[in-house]
Every structure is written in C-alpha cells, then in structure tokens.
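Listed below, chain by chain, are the residues.
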Amino acid sequence: MDTILKPIMYVVAWIMVKLHDLFAIVLGDASSWAWVLAIVGLTVVVRIALIPLFFRQIKASRGMQIMQPELKKLQEKYKGRKDPASKQAMQQEMMALYKKHGTNPFSSCMPLLLQMPIFFALFRVLNNAGAIAAGTANPIGPLTREVAAKVQDATLFGARLSETFLSSSDSQVKIITVVLIVAMSASQFLTMRQLTMKNMPSSATSGENPMMRQQKIMMYLFPLLFAVTGINFQIGVLIYWLTSNVWTGGQQWYAIRRMPAPGSEAERAMKERIRAKRIAKGLPPETDEELAEKEAAAAAAAARQGQRVQPVRKSRQKHSAPVASSVDELLEGQQEAEASQDARDAGGLTAAEREMKRYQARMARRRQGKKK
C-alpha cells in the first residue's frame, strides 16, 4: 500500500510539518496542540481544494431533483414487470436519464470517495512515525527522524496521536478514541441527512423512489462503516475525519441556505426569511408567483452570462435587443420598488405595483411586436 500511496504520503507529510512549524511560532515547538492544529489545518487545505467538486456535487444533486418527474413516469411504465428484458430496458432508460441530466445516484459521495486516498495516506504517515523515529524506516519528505519523534510524543488530552483503540491498553486512550469515533459517525450521518432530507422536494423523498432508497441506505451505511472500522484508526486520523465532517456540514448549510432546491424544505424556509425581511422594511410580502418570476429571471440571467454572445444581423438587432434587456429591466424595477416608500398613488397602487404594471405592459407590447 505504501508504494501506491507514496506520492500522497509525501504531500500529506509536507503540509502537516509546514503547518506545525507555523503554529509552533505561537504555541512553541514542543506543544502537542501544534500537531493537533496541523492535522486540522491539513483537513482545511484538502477541503478548500475540493470546493469545485463540492459545487459539482450540488449541481448533480439538483439534476437528480429535476429528473424526478421523468423518473416517476419511467417507474410507472415498468411497474409490475419483473422479467429480465423489462428490468434491463428500465435500467438502460434510467442510465439515459442520468446522462441527460448530467448526474448519478452516487454524486453526493464523490467528495467522500476522493478523500479516501488522503485519509489512508495520513493513516500510513502516523503509523510509520514510530519506525521513522526509531531509525528502522526511511523518512517521508520533511518527516525526518527528529520530527517523527516529536509526532510520536504529541498527545491529545494525554492520548498519543499515533495510538489506536486496539493498539493501546491505556483507558485514557480508549475513552478519547471512543468519543472521537462517536462524534465522527454522528457528524457523518448529520451531514448526509442534511443534504438528502432538507434539500430535496417532498416528491423526491417518497419511500417509493429508488434513488431515495439508495440515498437512505448510504446515509446509514457510511456512519456505521466508520464506527466499526474506527477502532483501527489513530487518534490523529479520527481528528482529520471529524474536522472534515464539520467542514462539510457548514459548507452544505451555507449552500443550501443560499441556493435551496425547488420545492424543498430549505426553499420554503428561504421564502419565509425573504418575506420577513420585506415586512420589516415596511414593504408588502412577495407572493409565491413573484418569487417564482424572480427565480426565473435570475436563472435566465445566469444562463445568458454562461453563453457566448452570438453575432446578430442588423435586421434582427431591433427585435432582439428588447428581449435581451427584459431581465435587467425587471431586476432594476424590483430594486427601485423595494427601495421606495410604501406609498400609494391616486389609483391606490404602491410603487412596486406600479413598476410591475409598467413591466407587464412593456412585455405585452414586445410580444405584439414579435407577432407582427
């Protein structure tokens, strides 16, 4: 295993030693907490590197939600058909759906799976620290014999970072290991549940949905797997995984709060927050239709920004320009309406209502112009 993981072990050892040297400036070279914080810092560096993958995970999760109506129709189509040909045909059509929406049932597990090589590399680095300190194993990058001896002596509340539940007979080590294993498993479960249950529409969380069944199986299986195997991991590795789970939970909470899936519990909570803010400003609360229009406008603007601008013939510029600017005009109108006072004119309309009527009139004129 060391041969396969050797390049990753060098990177892990280099980051951990350099972070220790940085924390040692404040805490002192002999401080065990400098090594504990070095492992936490290693986790943060890895998770920052995985941020692009995290957003791909969120995108893939949304793709799973968007395809739910098509998936449900597919399930109805093959309902009650148990023959091998029907099962194979259903599987092929389901794979085509996944490809069409650019997603798959295991998209939420990708950050977890990509961390596994780093996880095992840290395991091997801590496991070899004793042999390197004794001079019976070669140094790993900056983890020389002298540095490895310091790693061996580093402790967390009296328990060495390189010890495991099974390798030690010290009750202090066993207690701290069990606490870390429980915290690691619980945080793993909560982060997976947050993504699976709070950011999916109610139609997708049905027990009849095969994707949801798979998600629930993984939600319970992964924490159980780490709880069982945790007794073989060093305290330093358990610190790494607990920190990673806490980071994942915070990152998901922020993303779900700002970009909830349509129809999910998180989206309903976001709408309530928006309405509460408008009421606090003295503005009338937005209706669901107004929120839907705003979301559609934002999605259209994002789509336009992500596309290359195509050249337009002079004969078409006159007709295409108003359509291209309609989203911007709507957003500007909404901002001006929200900034204005909640005053009504002679017709009994607020500034927001007047702006909406003007926008609707402009759009009606443009639609008539297109028909001509």
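Definitions and cut-offs
- Residue numbers here run from 1 along each chain, matching the order of that chain's written sequence.
- Whole-chain, interface and lining totals are the exception, using all residues; otherwise, since this is a predicted model, local features are given only for residues with pLDDT of at least 70 and side-chain atom pairs are given and counted only at 80 or more.
- With hydrogens and water stripped out, all remaining heavy atoms of the structure feed into the side-chain values.
- The criterion for an aromatic pair is that two Phe, Tyr or Trp rings (for Trp, the six-membered ring) have centres within 6.5 Å, with stacked assigned to planes under 30 degrees apart, edge-to-face to planes over 60 apart and tilted to the rest.
- Classification of residues uses two cut-offs on accessible area relative to the type maximum, computed with a 1.4 Å probe and protein chains only: under 20% is buried, over 50% is exposed, and between them is partly exposed.
- Only when the NZ of Lys or the CZ of Arg is both within 6 Å of the ring centre and within 35 degrees of the ring normal is a charge said to sit over the ring.
- Like-charged residues within 9 Å of one another, or nonpolar side chains (Val, Leu, Ile, Met, Phe, Trp, Tyr) within 5 Å, are grouped into patches, provided each residue has over 30% relative accessible area and no salt bridge.
- Every accessible area reported is derived by Shrake-Rupley at a probe size of 1.4 Å, with residue values counting cover from the shown protein chains alone.
- Only one rule defines a salt bridge in this text: a Lys or Arg side-chain nitrogen within 4 Å of an Asp or Glu carboxyl oxygen.
- The sign given to each residue is positive for Lys and Arg and negative for Asp and Glu; His and the chain ends receive no count.
- To locate a charge, the coordinates of NZ of Lys, CZ of Arg, CG of Asp or CD of Glu are taken.
- Comment: elements are numbered from the N terminus, with helices defined as DSSP H or I runs of at least four residues and strands as E runs of at least two.
- Each residue gets a pLDDT score, which is the predictor's confidence in that residue and runs from 0 to 100.
- Here, residues are in contact when the closest pair of their heavy atoms is within 4.5 Å.
- For the purposes of this section, nonpolar cores are sets of buried Ala, Val, Leu, Ile, Met, Phe, Trp, Tyr and Cys residues that join through side-chain atoms within 4.5 Å.
- In a helix, the anticipated span is given by 1.5 Å times the number of residues less one.
- Directions are taken from the helix axis to each C-beta atom, and the arc is the one they span.

Novice: What's the story with the packing of aromatic side chains in this structure? I'm lost.
Specialist: Two numbers describe a pair of aromatic rings. These are the distance of the centres and the angle of the planes. This model, assessed by the stated rule, comprises 9 aromatic pairs. Pairing Y240 with W241 gives two aromatic rings, centres 6.0 Å apart and planes at 35 degrees, and the pair type is tilted. By the burial criterion, Y240 is buried, and W241 matches it. The structure contains a cluster of three or more aromatic residues connected by ring pairs, namely F119, F120, F123, F226, F233, Y240 and W241. It is K174 that lies over the ring of F165; its NZ or CZ is 4.1 Å from the centre.

Novice: Help me understand a positive patch on the surface, please; the structure alone is not making it clear to me.
Specialist: Taken together, the side chains of R257, R258, K277 and K281 make up a positively charged region of the molecular surface. On the secondary structure map, K281 appears in the loop between α11 (265–280) and α12 (288–305).

Novice: Looking at this structure, I do not really get the confidence of the model for the chain. What am I missing?
Specialist: Low pLDDT means the predicted coordinates in that region are not meant to be read closely. Confidence along the chain averages 75 in pLDDT terms, with 70% of residues attaining 70 or more. Confidence, read as mean pLDDT per element, is least for helix α13 (residues 314–339) in the chain (46) and greatest for helix α2 (residues 32–49) (91). Segment residues 305–331 is flagged for pLDDT under 50; beyond a separation of four residues in sequence, or across chains, it makes 17 contacts in the model. Every residue in residues 337–342 is under pLDDT 50, and counting partners more than four places away or in other chains gives 13 contacts.

Novice: What exactly am I supposed to notice about the nonpolar core here?
Specialist: The nonpolar side chains of soluble globular proteins are, as a tendency, buried together. By size, the foremost hydrophobic cluster in this structure holds 52 residues, and its most contacted members are L122, L143, L161, I235 and Y240. Elements represented by at least two residues in this core include exactly α1 (2–27), α2, α6 (110–134), α7 (145–153), α8 (171–197), α9 (210–229) and α10 (235–258). No other element matches α6, which puts 10 residues into this core. Among residues more than four places away in sequence, those in contact with Y240 are I39, L42, T43, V46, Q115, I118, F119 and L122. The next biggest cluster of nonpolar side chains, apart from the first, holds 7 residues, and it includes M67, L71, Y78 and Y98.

Novice: So what exactly am I meant to see when it comes to helix α5 (residues 84–101) here?
Specialist: Three- or four-residue spacings in an α-helix give side chains the same orientation, since the helix completes a turn every 3.6 residues. Look at α5: 26 Å from first C-alpha to last across 18 residues, which is about the 26 Å you get at 1.5 Å a residue. Here α5 has its buried residues at S86, M94, L97 and Y98. Projected down its long axis, α5 shows its buried positions confined to an angular sector of 110 degrees, all on one face. Facing away from the buried side of α5 by more than 90 degrees, the exposed set consists of P84, A85, K99 and K100. Two residues or fewer after α5 comes G102, characterised by a positive phi angle close to 65 degrees.

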